[in-house]
Each structure stands twice: as structure tokens, then as C-alpha cells.
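Fold and geometry: a report
Below are the chains, spelled out letter by letter.
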Amino acid sequence: MPETNPTSPPTPRRDPVTRERHGRTAVDEYAWMRDDERTDADVLAHLEAENVHTAAVLEPTKDLQEAIFTEIKGRVQETDLSVPTRRGSWWYYSRTIEGQQYPVHCRLAAGDETDPPDPDDPAVVDAEQVLLDQNAEAATDQTLDYFSLGVFDLSPDGGTLAWAADRNGSERHLLRFRDLSTGEDRRLPDGSFDEVPGVYYSTAWSADGGMFFYTRPDEATRPHEVWRHRLGTPATEDVLVHREDDERFFCQISETKDRQWLVLEMGSKITSEVRVGPTVDPAEPFHVLVPRRQGIEAEVEHVGGTFFLLTNDDALDFRVASTSSDERDLQAGPDPSSWVDVVPHTPGVRLEGVDVLRDHLLVEERTEATTRIRVRRLSSGEEFLLDQAEEVSAVSLGSNPDMDWPQLRHTYTSLVTPPTVIDVDLEAGTRTVRKVQPVLGGYDPEQYVSRRLWATAGDGTQVPISLVHRRDRQPGGPVLLYGYGSYEISIDPGFSISRLSLLDRGWAFAIGHIRGGGEMGRRWYLEGKLEAKANTFDDLVACGQALLDDGVAGTGDDGRPRVAIRGGSAGGLLVGAALNRAPEQWAAVVAEVPFVDALNTILDPTLPLTVIEWEEWGNPVDSPEIFDVMAAYSPYENVPEVALPPVLATGGLHDPRVGYWEPAKWVARLRDRAEGGPFLLKTELGAGHGGPSGRYDAWRDEAMVLAFLVTTVGEGTLASG
């Protein structure tokens, strides 16, 4: 065979397949790249060739990659630990150890103290119990370099740990049960492990710890079944609790925080059904608490004989209501008209999460692209908001597993403030900072400035942007603009150690809080989905223009604005569509596991998650109108024949959410139709949607991305430079 030059892009074969739908015809010359089994020799050879090409093109950045990796690693306190959390008679925490990829989960017996122990204390180290060392478990199979912990669930008495791991990124886990008195996984009478293969994420325990509930995914990776396992019996004897036949709905099983109720949830993108059953009678049928009504969502917590429901029933931005958990009321059937408002609906204030302590209701809420936490005393009705020091910041509830604990734990962060764990004494009102994430190397938050900008979209809508850069940065430098804009997911302004390697090179970093996300409430989401999806992409283009208008971004020698865009998964669709819409506006594009072949995927109900996605994107199978909407924005369908900036796309061979073939096909078509580039593809052949599982591997991947950006767009200018 003739030698090939790895710096020349691969030239995959074209094998045209004609698609005919709703009277519209299109040709897909790279449809052959899809292999559901992930075993086709031609496909694997092509992906490997793309990896070789990408490595060759990025070879000149190797020193920069190594420098950035060293910077990231040097800022991280590699041997570190989490703040211990009280649950029953134990303090629980995890350790990371220098040189090891994964955390080690530990616990320490608790006494009457209210302040968490110092796990760095040698006496604590000597007394702690290791529950699960992920490094040791990952090393049990040296042929695999991927390990992801999907289940970590302690029994009510704290004596057994249910844990499950995924070894290839497929999100199908092997479940086992560890006897914490011996540190060994339980075995059946025949000597084999007490284990269950093919388990998804959500789980729950019976009150006595003798039964364990779990979910199983179908061939489309939809968790469609809930099963009950009796410890000490083979999985072949497990009992099916519920099978969900509506392909729009996921199943989920959990317990209420007080561990009195099992909660069985069936949810689509826009509809919920909730059933409950007592944990003391795990084999009894579940009662319907929230009936299935199209467009009505709900989640549930319980305390003191009352269920608290976070719901959008007659409340666009959600409300918190209550209803009795008395057995007679449950047997009478659900009656949403009897629900009593606890936190009424306030238009523009989106209630996003609810938690409970014995006498307190905790509500996570969002307004004007800012998160906050509302605390309501149930016995008196008085309430207050937790303090936040910065306008552009994010706050979230932490782990508060003990119902009777007198302190509320939450986390605070911003684009300049590292994640900070704070306990608030709910009686005294005092505030104790338990930990600020260490940032080594002399990080000084005063050297950086964060602020809020507003972009004006084409229809006049004001779109918020969160921005951070060094104080001594000169205007007109490069900017990395990040966005997502789907599923009502909000990208909050949080701190990143790796981002400092960009900021200290004169870059600015911006988050476009675009429609389709949830930053401005439920209306914001509705205005960026289905027929209105184009607003999402147009908003990002408007954000790019706003960065130029503000002067934070300038124009390079090539005439292109010095704005790079980055997004992953549905955010990869975003940057792909924005590239097509405004190809002259971007200096570089990073698309990670990008959903860029959106129309072909959503046309195929046999693919994982497609049917449930119809409530997000629409159903192009039945609707010519939705077909046309998607055909107009799907990046693979609309690659323009113009000069495009450099593009780096990534994929995961075992990704069950976005098929690896989507970025592979897209990159091939970019090379066919567009000028410019380079157009690069890197596929993780042993991982899935989240990329490499180990922290050092993830840092090296991030260093590669940042080196690509710095090399293609350039560095900024600092006042001291």
C-alpha cells in the first residue's frame, strides 16, 4: 500500500443514499459511517485515520498542550477531599490522591459534634473507613481505560453499599452490593456475585435494606422498566415493578428524603406521572399521586405527613403545593384541585428544585439569569433568601441528607470565585464557610473582572451574556463564547481552573444565555424549541455581535472577528448552526460530541432517545412543517460553500446519546463543501458521551482544545505584556 501523509485529511468513500420525505429529496453520501454495532472495519479504520490526521495537524501545538496541561495540573490541589456530610451516625466524604484518576469514597463514625471533622487530621485518616476506591475498581480490568460510577447508594442502616460501574461509556452498568462490615461485595450461595447487569442510574432501597429497586434501559437507551431485587437471590428472580410502553417516557425510582416513601416517576420532556409506595411495604402496589396530564410536570418530596410538589400545574414558572400522605387520601386517588399552595406562582421567577428539612422547605429559584435559594420555615411561614455577594454568580443546594440537621449546606460560585461550600445555621442565622476550592499557583480573584452584557436579538429580545477576563486585559482581544440553549438547561456562571489558562493569555470568556435554555424562566425555553428553535442560533449570533460592539472582542488580521464558539451535544448543534448562519463571524469552532446530524437522527425512531426527543425538536416523521424547520437549521444539511474558520469536533464511539457518526459525517462534508479550515475530528474509541473518564485524561483533552484555540485565534494583550 502507498504511504499516506497524515497531515492530509482522510478521503472517505462516498456512497450516496437518497432520502425522500414529504416530497423533499436529499442525498447523504456518508450514511455508511453509521454502524450501530460499532464493529464495522471500514468505519473504525476511518475514525482511526481521522485521529491520526488530527494528531498530525496539532503536532506543532504539542509544547503548548503540555504547557497548558502543566498549568491546569499545577493549579489543582491533586490530593484533596470534600467537606464531610452528616448522614445518621456517619460523616461521609471523598478523597482525591495525587497521581490517581478517580476519587476514593470514605466515612467516619460521628458523635455529637455539629462541625464536620478534618479529614486531613492523621487521627481521622487512621479511623476512616474506605467504602469504595474507584481507582482500585477501575484497575480490575487492565484492558479497559474507562470507568464511570453510575450508582452509589447506601442502605438505610448504612451497612450495605449498592454500587454500579460503566466500563465503556455505554451508560449500562453492572450493579453489585458491598457488605461494609467486611469491605467485600456480597455473593450468592453458589459463590457468584450478587449482581445485576445492564442497570441505568436511578435506584432506591426498601426500609429494611432487604430489597433494592433499579431501572433498566431498552435498546434505545430509554430507562423503560423498574425492577425489584431481593439481596441474596439471583437477578433472574427479580420482579418487574413497572414497564413504560409509551416511548416518550423515562422511568425513575427514588426515595423521599425521610426514606418513608418510594417514588416512581414516569416523565417525558414535558409531562410527569408520579406514584408513591411506602418503603416498609416495598412489594405493595404504588398509589398515583400526580396523574399523567399532557404538559403538566411535577417532582415530589415528603416530610411530616405531607407531600410537597414542585409543579407547573396552573403555573408557567412553577409553584410549590402540598397534599396529604395519609393512606386513606392516597387510596381515594389523586385530586390536583385539592393541592394547597405553599410557594405560589410568581411570573418570571422560575422555581427549579425543592428540598426539605424537618421544619424547612428549601427552594432553588431563578430570575433574570440569576439563581437563588429561598428558605421557608414550615411552622411559621417566614422565609428569606440566602445572601449572594456578586450579581453574576450561581448558588445551589448542597448535600443535606440528614432531615434533622440544624444547618443548611449550599454552594456558591462565580466566574471569578471558586466553588465555596457554606453552612447556614437555620436557628442562629450564622454563616460558616466550610471550604473554598483551592487554586494553587497564587490565584488572586481581584486580578479578574466579571460582568453582565446584553445582546439584542433580531426580534428585539434582550439576551444576557456573562463575561470574565483579566482586569489588565486590553480591549479587542480574543473571546471564547460558550452556549447550549436546549432542554431548559441553564449554563450558570461558574468557576473553572482550566479556563485560567485562556484568561491569562489575554482571552475573555463569555456565556451566551440563549433561548432554549432556562436562564430567564419557562418562557425563555419555549421560545427556543420546536418551530421557534431558530431563535437559539440567532441569539448566539447576536451574542457574538454584542461582544464586538462592546469592544471586548476585536478583529484579526484576516478580517474575522476574534470570537471563537464552543458547545457540546445540543450545544454542538448550536455552534454548527451558528457557523452556517454567520460563517464570517467566527474565528474558530469547537463542537464536542455535537448533535449536528439532527434531522436524520430525529427522523429515525430506532435510534436511542429519538422518540422522547420529539417533544423537544418536533416530529419530522409526521409533520412536514417540522421537517422543513429542522432541514433549515440542521448543520449537516446546510454546510455552506464558503470559507469557514478552523473546526475541532469530538466524538465517542460508544456514545448512546449522540452517535459518533454525526461529527464524522459533518467533518467529511465540511471538507467536501467548504474552504478554509482545517476541519478536525477526534473520536474517543473507548468512551462515550462524556469523553475520557479519568481526571488526568480529561485535563489533557482540555489542554488540546485550548491549544487549538490559542493557536488558531491567537493570544490577547495584557497591560503588563
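To start, this report covers the structure provided alongside it. Please read these numbers as outputs of a predicted model, since none were measured by experiment.

One finds Leu481, Leu547, Trp586, Trp666 and Leu709 to be the most contacted residues of the largest nonpolar core, which totals 112 residues. It is helix α14 (residues 695-713) that contributes the most residues to this core, eleven residues altogether. Counting residues in each nonpolar core, the second largest holds 14 residues, with Val303, Val343, Val349 and Leu351 among its members.

Right, let's talk about the sheet that holds strand β19 (residues 272-278) for a bit. Across the sheet, which stays open at both edges, the four strands sit in the order β17-β18-β19-β20 with antiparallel pairing between neighbours. Unpaired on one side and paired on the other, β17 (250-255) and β20 (287-290) mark the two borders of the sheet. Sheet twist, expressed as the mean angle between neighbouring strand axes with direction ignored, is 25 degrees.

Next up on the list: helix α9 (residues 570-581). With twelve residues, α9 ought to run about 16 Å at 1.5 Å a step, and its terminal C-alpha atoms sit 16 Å apart, in line with that. Buried residues dominate α9, accounting for eleven of its twelve residues. Listing the buried residues of α9 in full gives Ala570, Gly571, Gly572, Leu573, Leu574, Val575, Gly576, Ala577, Ala578, Leu579 and Asn580.

Bringing the packing of helix α2 (residues 62-75) against α14 into the picture now. Running from N to C, α2 and α14 cross one another at 130 degrees; their axes reach a closest spacing of 8 Å. Considered as vectors, α2 and α14 are oriented oblique to each other. For the pair α2 and α14, the sense of crossing is right-handed. Here Leu64, Gln65, Glu66, Ile68, Phe69, Ile72 and Lys73 of α2 come into contact with α14, specifically with Tyr696, Trp699, Arg700, Glu702, Ala703, Met704, Leu706, Ala707, Val710 and Thr711.

As a further point, take the pattern of salt bridges. What the rule picks out here adds up to 62 salt bridges. With its nearest N and O atoms 2.9 Å apart, the salt bridge here joins Glu352 to Arg366. Here Arg366 lies in strand β26 (residues 360-367) and Glu352 lies in strand β25 (residues 350-357), a separation of 14 residues in the sequence. On the basis of relative accessibility, which here comes to 28%, the residue Glu352 falls in the partly exposed class. Arg376 is paired through a salt bridge with Glu383; the nearest N and O atoms lie 3.1 Å apart. Within the structure, one salt-bridge network assembled from shared partners comprises Glu365, Arg372, Arg374, Arg376 and Glu383.

To characterise two packed helices, one gives the angle between the axes of the helices and the distance between these axes. The contact between helix α8 (residues 534-550) and α9 brings their axes to 9 Å, and the two run at 70 degrees. One finds that α8 runs roughly perpendicular with respect to α9. Helix-helix and strand crossings are classified by hand; for α8 and α9 the assignment is right-handed. Here Ala534, Thr536, Phe537, Asp538, Leu540 and Val541 of α8 come into contact with α9, specifically with Leu573, Leu574, Val575, Ala577, Ala578 and Arg581. For the contact of α8 with α9, the per-class residue count stands at nine nonpolar, one polar and two charged.

Attention shifts here to a negative patch on the surface. A cluster of acidic residues, Asp118, Asp120, Asp121 and Asp126, forms a negative patch at the surface. Following the sequence through the fold, Asp121 ends up in the loop between β6 (104-109) and α3 (122-127). Judged by its relative accessible area of 33%, Asp121 falls in the partly exposed class.

Attention shifts here to the sheet that holds strand β22 (residues 306-311). Strand order across the open sheet formed by four strands is β21-β22-β23-β24, with antiparallel pairing between neighbours. Of all strands in the sheet, those with a lone pairing partner are β21 (298-303) and β24 (340-343), marking the two edges. Averaged over all adjacent pairs, the angle separating strand axes in this sheet is 35 degrees, with direction ignored. With six bridges connecting them, β21 and β22 associate as antiparallel partners. Directly across from Val303, in β22, lies its bridge partner Thr306.

About the cut-offs
Counting starts from 1 at the beginning of each chain's written sequence and moves along it residue by residue. Given that this is a predicted model, residues contribute local features only at a pLDDT of at least 70 and side-chain atom pairs are listed and counted only at 80 or more, while totals for whole chains, interfaces and linings are drawn from all residues. Only hydrogens and water are set aside when side-chain values are computed; all heavy atoms of the structure are taken into account. Note on terminology: a nonpolar core comprises buried Ala, Val, Leu, Ile, Met, Phe, Trp, Tyr and Cys residues joined through side-chain atoms within 4.5 Å. Burial here depends on accessible area, computed with a 1.4 Å probe over protein chains only, as a share of the maximum for the residue type. Under 20% is buried, over 50% is exposed, and the range in between is partly exposed. Secondary structure is summarised from DSSP: a helix means a run of H or I of at least four residues, a strand means a run of E of at least two, and numbering begins at the N terminus for each. Strands qualify as paired when DSSP identifies two bridges or more between them. Structural elements are reduced to axes, namely lines fitted to C-alpha atoms, with helices fitted over the stretch in contact, and the angle between N-to-C directions of any two is expressed from 0 to 180 degrees. Multiplying 1.5 Å by the helix residue count minus one yields the expected span of that helix. Here the angle decides the label: under 35 degrees means roughly parallel, over 145 means roughly antiparallel, 65 to 115 means roughly perpendicular, and every other value means oblique. Each crossing gets its handedness from the near helix: less than a right angle anticlockwise from the far helix is left-handed, clockwise is right-handed. Pairs of residues are marked as contacts when any of their non-hydrogen atoms sit within 4.5 Å. Whenever Lys or Arg places a side-chain nitrogen within 4 Å of a carboxyl oxygen from Asp or Glu, that contact is recorded as a salt bridge. Three classes are used: nonpolar for Ala, Val, Leu, Ile, Met, Phe, Trp, Tyr, Cys and Pro, charged for Asp, Glu, Lys and Arg, and polar for all others, with Gly counted as polar. A residue counts toward a patch only above 30% relative accessible area and without a salt bridge, and it is joined to like-charged neighbours within 9 Å or, for Val, Leu, Ile, Met, Phe, Trp and Tyr, to nonpolar neighbours within 5 Å. To measure how exposed things are, a 1.4 Å probe is used in the Shrake-Rupley method; for residues, cover is taken only from the protein chains shown. As used throughout, the charge tally considers Lys and Arg to be positive and Asp and Glu to be negative, leaving His and the chain termini uncounted. Working definition for charges: the position is that of NZ of Lys, CZ of Arg, CG of Asp or CD of Glu.

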